[in-house]
Amino acid sequence: MDFNVKKLASDAGVFFNRAVQFTEEKLGQAEKTELDAHLENLIARADCTKNWTEKIFRQTEILLQPNPSARIEEFFYEKLDKKIPLRTTNGELLGQYMLDAARDFGPGTPYGSTLIIVGDYQRRLGGAEREFLQTSAINFLTPLRNFLEGDWRTISKEKRLLENRRLDLDVCKARLKKAKLAEAKAAAAPDFQETRPRNYVLSASASAAEHELRVAQTEFDRQAEVTRLLLEGISSTHVNHLRCLHEFVEAQAVYYAQCHKHMQDLQKELRSANGDTVPNAFTMSPSTSAVSAGPSGLSSGPPAGASPPPRPPVSPSGLERSTLKIEEVQPPATGTRKAKVLYDYDAHDTSELSLMADELITVYTVPGMDPDWLMGERGNKKGKVPVTYLELLS
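Residues numbered from 1 in each chain as written. Predicted model: local features only at pLDDT ≥ 70, side-chain atom pairs only at ≥ 80, totals over all residues. Heavy atoms only, no water.

Any chance you could explain the nonpolar core here in plain terms?
Side chains that are nonpolar tend, in soluble globular proteins, to be buried together. Among the nonpolar cores identified, the biggest contains 33 residues, and Leu 35, Leu 39, Phe 132, Leu 162 and Leu 231 are the most heavily contacted of them. Breaking this core down by element, the ones donating at least two residues are helix 2 (37-64), helix 5 (110-188), helix 6 (195-232) and helix 7 (234-273). Take this core: its biggest share by element is 14 residues, from helix 5. Setting aside residues no more than four positions away along its own chain, Leu 39 makes contact with Leu 162, Ala 224, Arg 228 and Leu 231. (Core = buried A, V, L, I, M, F, W, Y, C linked by side-chain atoms within 4.5 Å. Buried < 20%, exposed > 50% of the residue type's maximum accessible area, 1.4 Å probe, protein only. Helix = DSSP H or I, 4+ residues; strand = E, 2+ residues; numbered from the N terminus. Contact = heavy atoms within 4.5 Å.)

Pasting the structure below:
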């Protein structure tokens, strides 16, 4: 018990001396031992690496898991050293909802059958997202976390120890300086009765301070070397993080390529299921949208007194004139739509159909026709009609 009390008192004395030295340095009342330029650069580079690694790590966590509650849950599972339970992705959940809705609506209905197709692809997208999250967590997040919670903690510990050794060194320097000044002062003003005893005590004090300084200098140099070796390892950390970054980018590329392929396959399957084997002519051009859609995105008629748009130019290509014969054109089995005529239109030749404002006609596309025109039918009459004169109805 006596040993522990003495050690505690000694540690308290060392801590007090360090605190005094640190305070006097901040107030400019004490000299400070500066580290060599190389070591200072290594420390600055290590601090920069730590700060940016921490920011990149936190933001990547947010990217991969935007839900803060889920991130906190995963954090506790990791600290408790338990396996994180599998969590359903949003895409998988949406796909399951669509499949459940299709069963209620009836898989034989057009809406139900489409929900089944889309729901299946949403689940595939969710599965691809799950693989991306797992790969990124293993190949990118884990190495960054290991650096912050492992290597950096060791470096920080050695840096704090180096700072303590520097303070001890400066305390010894200040103590030796005071002893030298006292010895010089005593020599300048001798007391013939007590000169020998006083000089002997001051000389012994200066010798003890010099010994403490040598010991402190040795410990400081040793700790500086240890810290320098650890800080130089930051270069290998950068190399490792570079490799992890390449793997993260590769995982992203694979994930987005899978998503793109799934969406292309989904579009093809939807077109095949709807019998739309030609490009969708009802995807309106910007000019069409401006006429048939209001500010809210809902279809609306032309404003009162509005003049009709100009007649679309006829394609100079001879393909349509040579292959398109109005009398032989037949409406497709699927893909026809109703359209409301917005303005009067007079046919320019026998291949076109004259229109009257506010009447309803049936329109559809024909392969090889100019995209600014549709084939229109009214009763037993048919002919080309300009898209900009129509409001396509659902």
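Would you take a moment to explain unusual backbone geometry for this structure?
Glycine aside, residues mostly have negative phi, and peptide bonds are mostly found in the trans state. Positive phi outside glycine occurs at Asp 358, with the angle close to 75°. Here Asp 358 lies in the loop between strand 1 (337-341) and strand 2 (360-364). You can call Asp 358 exposed: its relative accessible area is 56%.

What should I look at first to understand the pattern of salt bridges in this one?
Here the idea is simple: oppositely charged side chains can pair when their charged atoms come close. Scanning the entire structure with this criterion turns up 18 salt bridges. Within this structure, Arg 58, Glu 61 and Arg 145 form a network of salt bridges that share partners. (Salt bridge = Lys/Arg side-chain N within 4 Å of Asp/Glu carboxyl O.)

Explain the packing of helix 2 against helix 7 to me, please; I cannot follow it from the model alone.
Helix-helix packing is described using two parameters, namely the angle between the two axes and the distance between the axes. For the pair helix 2 and helix 7, interaxial distance at closest approach is 12 Å and the crossing angle is 20°. Here helix 2 lies roughly parallel to helix 7, going by the angle between them. Note that helix 2 runs across helix 7; the crossing there is left-handed. Of the residues in helix 7, those in contact with Arg 45, Ala 46, Thr 49, Thr 53, Thr 60 and Leu 63 of helix 2 are Ile 234, Ser 235, His 238, His 241, Phe 248 and Gln 252. Looking at the contact of helix 2 with helix 7, its residues break down into four nonpolar, seven polar and one charged. (Axes fitted to C-alpha atoms, helices over the stretch in contact; angles between N-to-C directions. Parallel < 35°, antiparallel > 145°, perpendicular 65-115°, else oblique. Left-handed = near helix turned anticlockwise from the far one by under 90°. Nonpolar A, V, L, I, M, F, W, Y, C, P; charged D, E, K, R; others polar.)

Looking at this structure, I do not really get the pairing of strand 4 (residues 381-386). What am I missing?
Along any regular strand the residues' side chains alternate between the sheet's two faces. In terms of strand pairing, strand 3 (residues 373-378) meets strand 4 through six bridges, oriented antiparallel. Residue pairing across strands places Leu 374 opposite Val 385, the latter belonging to strand 4. As consecutive antiparallel partners, strand 3 and strand 4 are separated by two residues, and within that stretch Gly 379 has a phi angle of approximately 65°, a positive value. (Pairing = 2+ DSSP bridges.)

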